[in-house]
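A look at the structure
Take a look at the letters that make up each chain.
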Amino acid sequence: MRHPLPLCRVLLPLLGLATAVAAAPSPLDPTFDRDGLVETYLGRGSDYASAVLVEPSGKVVVAGSTPGNNLGDFLVARFTRSGQLDRRFGRNGIAKLSLIGNDGAQSIIRQPDGKLIVGGSTGTNTGQERRFALARLNSDGSLDSSFGEGGKVTTRVLEDGAAIWGLALQSDGSVIAAGTTVINGELRAAVARYSDTGELDLSFDEDGLVVLNQGQNSEEARAVAVDDQNRIVLAGFSLSSQGSRSAVIRLTATGQLDTGFGAGGVSVFDMGPDGGLPRALAVQGDGILVAGVGVTEINRSLTQDFALARLDSAGSLDPTFGTNGVTLTDFRGRNDDAYAITLDGEGRILLAGTISIGGGRPHADFGLARYTAAGVLDAGFHGIGKVTTNIGNSARLQPSIDEARGVAVAPDQKIVVAGVTDSQVNGRGVSRSHIALARYRSH
């Protein structure tokens, strides 16, 4: 028989808990589905969100993938400001798009007219037969028939094995798609420019495509942005016999390497003592912000931290930013990996990613950090400038693996992070992935 604790022993801890809660309120926004968290599962396998944006109305749009009739479909979902699926979009808030067969979306942008462009890859399998893939949706989630063939575009880039990782718009409405392709078994950064109707723009390096070969063993473009001069900026990695290093490439508006940036248009640098991998970038005034993972060696064990670097307009690390141009942020995990970056209305920098927790069972949380424009953690953001969030349901039999892949700022400056939550449902490792959203208060 359990005996009740004396009343004083019950009240004192509760009073202490109330004091702690009052001193440190949750960073999550309770007006977003009551607790700041939304999980969406479509019931046919594993669903993923790879990118997110917030419309001027405050509605949240995510892009990713879901099981389809073949191996996968593009997935676009829109949520109301209160976190419910917007039933005015697609079919009950969801638009599923099938291209060649095995389709996955990695990026989404919104045009000034409200149309949505989604980019990723498509092909018959997950190996070499992959192509750039784009789709454009009207504001109600229907395919835009004025774009490509029935709203869809696929582009073979050299030997196939191609995938779009990032999208951007130039001032004339041209769509810039950046990612990777394969040449002789090696990864190469690739960029395509499309007209507003989805055709390759032949004025862009004469055929609409630029494939970069800097003489390294492999290189990859993981993110793209367009600056105020319509120049195209790519971030990724460069792998040679000396190891993997961070790389930023700048092209002119028409697709030539910009010789006024770095060495012949390319800047190669390290985001950690033992290297790093950029996954996202943003343009900040006349500089370039690069986010990803910085690698350090501690006690002969490689660990990862959020990494944030700033390059000046000439492609050099900016010594006035962070520490010699780089800021590393350690959460409580062994491996902290930043996947997305954005700027808020006050110019502060937001990084979102995944915080892997050490221990006997796999476990990962969403991680979100906010920095001042100078690359210093912003103590005005929930006291220390960073938060972690466990998305998964504690009732599950195994710890959840929560991975953040996108971040966006709403018109009211609240912060939306999107990704996936995945938990084993039995001892044999069977799992189901759900789309996961978290919305945070800005202070």
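Quick look at the overall build of the protein chain now. Counting its secondary structure elements, the protein chain contains 1 helix and 28 strands. By the burial criterion, 53% of the 443 residues in the protein chain qualify as buried. Contacts in the protein chain between residues at least 24 apart in sequence constitute 48% of all its contacts with a sequence separation of at least 6. Of the accessible surface of the protein chain, which amounts to about 19,200 Å², a share of 50% is contributed by carbon and sulfur atoms.

Turning our eyes to something else, we now look at the pattern of salt bridges. Tallied over the entire structure, the rule returns 22 salt bridges. Between Asp337 and Arg279 there is a salt bridge, with its nearest N and O atoms 3.0 Å apart. Of the two residues, Asp337 is situated in strand β22 (residues 335-343) and Arg279 in strand β18 (residues 276-284); the sequence distance between them amounts to 58 residues. There is no split in this pair, since Asp337 and Arg279 are both buried. Put simply, Arg310 and Asp318 hold a salt bridge, and the shortest N to O gap is 2.8 Å. For Asp318, a relative accessible area of 11% corresponds to the buried category. Linked through salt bridges whose partners overlap, the residues forming this network are Glu55, Lys59, Arg78, Asp86 and Arg110.

As a further point, take the pairing of strand β2 (residues 48-54). Most of β2 is tucked away: 6 of the 7 residues are buried. Where β2 lies against strand β3 (residues 60-66), 6 bridges are found, and the strand directions are antiparallel. Opposite Tyr48, over in β3, you have Ser65 as the bridge partner.

What follows is about the nonpolar core. If you look at soluble globular proteins, the nonpolar side chains tend to sit buried side by side. Ranked by size, the top nonpolar core spans 18 residues in total, and within it Phe366, Leu368, Val407, Ile415, Val417, Ala438 and Tyr440 carry the most contacts. Sorting the residues of this core by element identifies β23 (349-356), β24 (364-371), β26 (401-409), β27 (415-424) and β28 (431-440) as the ones contributing at least two each.

On inspection of all chains with the given rule, the structure shows 1 aromatic pair. Above the plane of the ring of Trp165 lies Arg222, whose end atom (NZ or CZ) is 3.9 Å from the centre. Taking NZ or CZ as reference, Arg405 lies 3.6 Å from the ring centre of Tyr339, over its face.

Turning our eyes to something else, we now look at the side chain of Arg136. Its place among the elements puts Arg136 in strand β8 (residues 130-137). Separated by 3.3 Å, the side chains of Arg136 and Ser146 make a polar contact. What Arg136 contacts, discounting residues up to four positions off in sequence, is Gln111, Lys115, Leu116, Ile117, Ser142, Leu143, Asp144, Ser146, Phe147, Gly151 and Asp196.

This brings us to the confidence of the model for the protein chain. Within the protein chain, residue pLDDT values average 87, and 85% of them lie at 70 or more. With pLDDT under 50 throughout, residues 1-23 is counted as low confidence; its partners more than four residues away or in other chains account for 2 contacts. In the model, residues 424-428 has pLDDT below 50 throughout and makes 6 contacts with residues more than four positions away in sequence or in other chains.

Glancing now at the sheet that holds β3. In space, the 4 strands of this open sheet follow the order β2-β3-β4-β5, with antiparallel pairing throughout. The open sheet has two edge strands with one neighbour each: β2 and β5 (94-97). Averaged over all pairs of adjacent strands, the angle between strand axes in this sheet comes to 20 degrees, irrespective of strand direction. Across 7 bridges, the pairing between β3 and strand β4 (residues 73-79) is antiparallel. Note that in β4 the partner of Val61 across the bridge is Arg78.

With respect to the element layout, Ala223 can be found in strand β14 (residues 218-226). Each C-alpha atom, one on Ala223 and one on Val233, is 8.2 Å from the other, the two residues being 10 residues apart in sequence. In this view, Ala223 contacts Val233, Leu234, Ala235, Arg279, Ala280 and Leu281; residues no more than four positions away in its chain are not counted.

On to the sheet that holds β8. Hydrogen bonds between backbone atoms are what pair the strands of a sheet, whose relative direction is either parallel or antiparallel. Taken together, 4 strands build an open sheet; the order of strands is β6-β7-β8-β9 and the sheet is antiparallel. The open sheet terminates on both sides in strands that have one partner only, identified here as β6 (104-110) and β9 (152-155). With strand direction ignored, the average angle separating the axes of adjacent strands in the sheet is 20 degrees. Direction of pairing for β8 relative to β9: antiparallel, over a ladder of 4 bridges. By the bridge assignment, Ala133 is partnered in β9 with Thr154.

Criteria and cut-off values
- Residues numbered from 1 in each chain as written.
- Predicted model: local features only at pLDDT ≥ 70, side-chain atom pairs only at ≥ 80, totals over all residues.
- Heavy atoms only, no water.
- Helix = DSSP H or I, 4+ residues; strand = E, 2+ residues; numbered from the N terminus.
- Buried < 20%, exposed > 50% of the residue type's maximum accessible area, 1.4 Å probe, protein only.
- Contact = heavy atoms within 4.5 Å.
- Areas by Shrake-Rupley, 256 points an atom, 1.4 Å probe, with all protein chains shown as cover.
- Salt bridge = Lys/Arg side-chain N within 4 Å of Asp/Glu carboxyl O.
- Pairing = 2+ DSSP bridges.
- Core = buried A, V, L, I, M, F, W, Y, C linked by side-chain atoms within 4.5 Å.
- Phe/Tyr/Trp six-rings, centres within 6.5 Å; stacked < 30°, edge-to-face > 60°.
- Lys NZ or Arg CZ within 6 Å of the ring centre and 35° of its normal.
- Polar contact = N/O pair within 3.5 Å; in protein donor to acceptor, adjacent residues only side chain to side chain.
- pLDDT = per-residue confidence, 0-100.
- Axes fitted to C-alpha atoms, helices over the stretch in contact; angles between N-to-C directions.

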